[in-house]
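Residues per chain are reported as follows:
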Amino acid sequence: MATKNKIIGEYLKGLRSCLEEIAQQDIEGIVDIIFTAYKKGRQVFLMGNGGSATTACHFARDLQMLTAREGKPRVKALSLTDNIAMVTSLANDTDYSLIFKEQLVGRVGEGDVVIGISASGNSPNVLKAMEFARTQGALTVGLIGFGGGKLKELAHKSIVLSSKDYGKVEDVHLVLDHIISYLVKERIAGG
């Protein structure tokens, strides 16, 4: 019983520590980027691997549905992790490092937003997509752990956690999804 309590206590302590690292202005900066794209009718693309893939999917859903206001257009959000036929064919026929970049080709443009979610900040497929997005004039956002990795340098705006614990980083990224989506909803409601 003592071991279970220790695991629970240490995990929650680490999670609180991650949450305390987040600066309100960093969240607001990401909301500004997404809302500006929304007002211009631009798109938001999201991507990540493993647990971050499911966060990208969840975040895209929240940006489309949780922010919806009657009589207002919806946020155009798309998770690049959702089309399993596309992901597996690109991984098989080209290279796994291209699964997100190739989905952006012909789709992403100036004023769009590309959000890379990565615990390590070093996922090659996320990095290649972010590099490409920048060449197309898109704004890039990173939700990152492990101190930032290479993704930090490719993101116009990012929230970086120092934790190297995948579980805690992924938990906080989902919390950020919800906070950002609620704030975008408020902005849409306000005009």
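1. Concerning the pairing of strand E4 (residues 139-144)
Phase 1: For E4, the buried fraction is high: five of the six residues fall into the buried class.
Phase 2: Sheet topology note: the strand E3 (residues 113-118)/E4 ladder contains six bridges and is parallel. Note on E4: the bridge partner recorded for Val113 is Leu139.
Phase 3: The parallel pair E3 and E4 is bridged by helix H6 (residues 124-135), and the resulting crossover is right-handed.
Phase 4: Here four bridges tie E4 to strand E5 (residues 157-160), and the two strands are oriented parallel to one another. If you follow Gly142 over to E5, its bridge partner there is Ser158.

2. With respect to the side chain of Asp177
Phase 1: Note on placement: Asp177 falls in helix H8 (residues 166-190).
Phase 2: Lacking a salt bridge, the buried Asp177 has Arg61 as its closest oppositely charged neighbour, with an N-O distance of 7.7 Å.
Phase 3: Discounting chain neighbours no more than four positions away, the residues touching Asp177 are His58, Phe59 and Asp62.

Parameters at a glance
Residues numbered from 1 in each chain as written. Predicted model: local features only at pLDDT ≥ 70, side-chain atom pairs only at ≥ 80, totals over all residues. Heavy atoms only, no water. Buried < 20%, exposed > 50% of the residue type's maximum accessible area, 1.4 Å probe, protein only. Helix = DSSP H or I, 4+ residues; strand = E, 2+ residues; numbered from the N terminus. Pairing = 2+ DSSP bridges. Right-handed = clockwise from strand over helix to strand, strands pointing away. Lys, Arg positive; Asp, Glu negative; His and termini not counted. Salt bridge = Lys/Arg side-chain N within 4 Å of Asp/Glu carboxyl O. Contact = heavy atoms within 4.5 Å.

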